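Residue-level structure breakdown
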Amino acid sequence: MSGYLYGNGTSPITASATIPATASSFTQLGTGALTRSLDAKAKENALSLLDYCSDNTGVTDCSTGIGNWFAEGVALKKALYIPAGTYRAASQLVWNLHPIASTGINVFGDGRAISIIKFDSGVTSPAWNIVGNDTPDESLDYSRFENFQVLGSIAGTLMAFGRDDFNDAMNEFQLNNLFIFNTSTNGSAVALKLNYFLNGLVNVDANGGGFNTTTNVGSGYAALYCNQCFMNTFMGSYSLSGNGIYLSNGFNVTNTFLNTDTEANTTDIRIDSANAVSNTWVGGQISLATYGINATAGSGNKFININNAITGTGTAFMPNSTGVWLETPNFNNVATPTLPASGTAVTNTSGQKVLVAVSGGAVSLVKRNSTWLFAVTNVTVILEPGDTIAVTYSSAPSWTWTPIR
């Protein structure tokens, strides 16, 4: 027999509804195609989860089947395919990628609203834990997860990559077109957690347990929880949680966030680690939250042409701005503060580069970052985010602060 078979194994070999029982060989369409055994052709494709768990309605527990499916994929170095349907997991899934550390694995479905791995409530956290061996310098490379959904109500982490002790580095992983939805409202609930994740591509929709539009408060801990993330590219949406994107433990360095949509969180973007350095947000939206950017630590974290849609009583676009640089020309976060007592320093907390004009009065000294600049009035000083200015005077001058765009 002859026909056409897509590489993902989901299309029929021919336009016929069935393969004849007598068929034993397969010849691809097209000039030069070779005749092969049907057995070899069938085995060359990804391993289907339906071959290990026959129930795709979400009723039967597929935990054991999923474990066997993964083990065989590792043994045969085959991609793993999740056909359309819902596959129930009543137990924690721990996938150790050490045997394929240098090659990785490809796990894919038919779409993030079509192929669903659904965990029972109460499953041990992280419900789906992708790890390597717990030994220093373990390095896992090149795995890919795409086009499916992970669903559960877990009072902890729903899906995690890497161990909390950072012993198993995840290199050049791709998480693409995933919907990771932890519906738990528990204060510890996390949708996606990344530990020691390097040079990867993350394009997901990660959601927490809900959002109160009256109080602007989200449910859960974080939609995306980054612990030691280096040089990754992030896209997608991060919503319905206490924190949309949270840069916390370890070193979170030189990650790029492209057009990410953070909304319906208590805090859309939270940074509280001194080791969160030189991360860049380009475009995207910060919206519908109590706080837009809440940065209490870090340095050199830049936001370029973002859309600030934080509005309402009791909200603040940026209540804390440590280490934040705003480069958004149509946005003014600068207000002229009250001139303090003579010699008292004031910090530029706007996140923007500021021009300070000092005029009038009797000024004897102007300092920036405790360094002498001028001993006269009628001067201008440029402050970068986080810089301080102090004016010593016997008769108070006036000053104005203006953003430099």
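Residues numbered from 1 in each chain as written. Predicted model: local features only at pLDDT ≥ 70, side-chain atom pairs only at ≥ 80, totals over all residues. Heavy atoms only, no water.

1. Section: the confidence of the model for the protein chain
Going by this rule: Confidence per residue, as judged by the predictor, is encoded in pLDDT with a range of 0 to 100. In what follows, a contact means two residues having at least one pair of non-hydrogen atoms within 4.5 Å.
Overall, the predicted model of the protein chain reaches an average pLDDT of 93, with 93% of residues at or above 70. Segment residues 1-12: pLDDT under 50, and 35 contacts once partners within four positions in sequence are set aside and those in other chains are kept.

2. Describing unusual backbone geometry
Condition: Helical segments are the DSSP runs of H or I of at least four residues, strand segments are the runs of E of at least two, and each set is numbered from the N terminus.
Looking along the chain, the bond that leaves S125 and enters P126 is cis, with omega of -10 degrees. Position of P126 relative to the elements: it lies in the loop between β10 (115-119) and β11 (128-131). For N199, which is not a glycine, the phi torsion comes out positive at approximately 50 degrees. With respect to the helices and strands, N199 occurs in the loop between β17 (190-198) and β18 (201-207).

3. Some thoughts on the pairing of strand β16 (residues 174-182)
Going by this rule: DSSP bridges decide pairing: two strands pair if at least two such bridges lie between them.
As paired elements, strand β13 (residues 144-152) and β16 share 8 bridges and run parallel to each other. By the bridge assignment for β16, F145 is matched with L175.

4. Looking at the environment of Y221
Here is the rule: Type-normalised accessible area, obtained with a 1.4 Å probe on protein chains alone, sets the label of each residue: buried when under 20%, exposed when over 50%, and partly exposed for intermediate values.
Looking at the secondary structure, you find Y221 in the loop between β20 (217-218) and β21 (222-230). The class for Y221 is partly exposed, based on a relative accessible area of 27%. C-alpha separation for the pair Y221 and Y246, spaced 25 residues apart in sequence, amounts to 9.1 Å. Setting aside chain neighbours within four positions, we find Y221 in contact with N186, G187, S188, A189, V190, S241, G242, N243 and Y246.

5. Section: the state of the cysteines
One covalent bond between the sulfur atoms of two cysteine residues makes up a disulfide. Stated precisely, the cut-off is as follows: Whenever a pair of cysteine sulfur atoms sits within 2.5 Å, that pair is classed as a disulfide.
In total, this model carries 1 disulfide according to the counting rule given. One disulfide bridge connects C53 with C62, the sulfur atoms lying 1.8 Å from each other. The sign of the -50 degrees torsion about the S-S bond sets the C53-C62 disulfide as left-handed. One exposure class covers both C53 and C62, and it is buried. Here C226 stays free of any disulfide, with the sulfur of C229 as its closest cysteine sulfur at 3.6 Å.

6. Here's the deal with helix α2 (residues 63-76)
Convention followed: Every helix has an expected span of 1.5 Å times one less than the residues it contains.
With 14 residues, α2 should cover 20 Å at 1.5 Å per step; its first-to-last C-alpha distance of 20 Å lies within 8% of that length. S63, G65, I66, W69, F70, G73 and V74 are the residues of α2 that are buried. Of the residues one or two after α2, K77 is the one with positive phi, at around 55 degrees.

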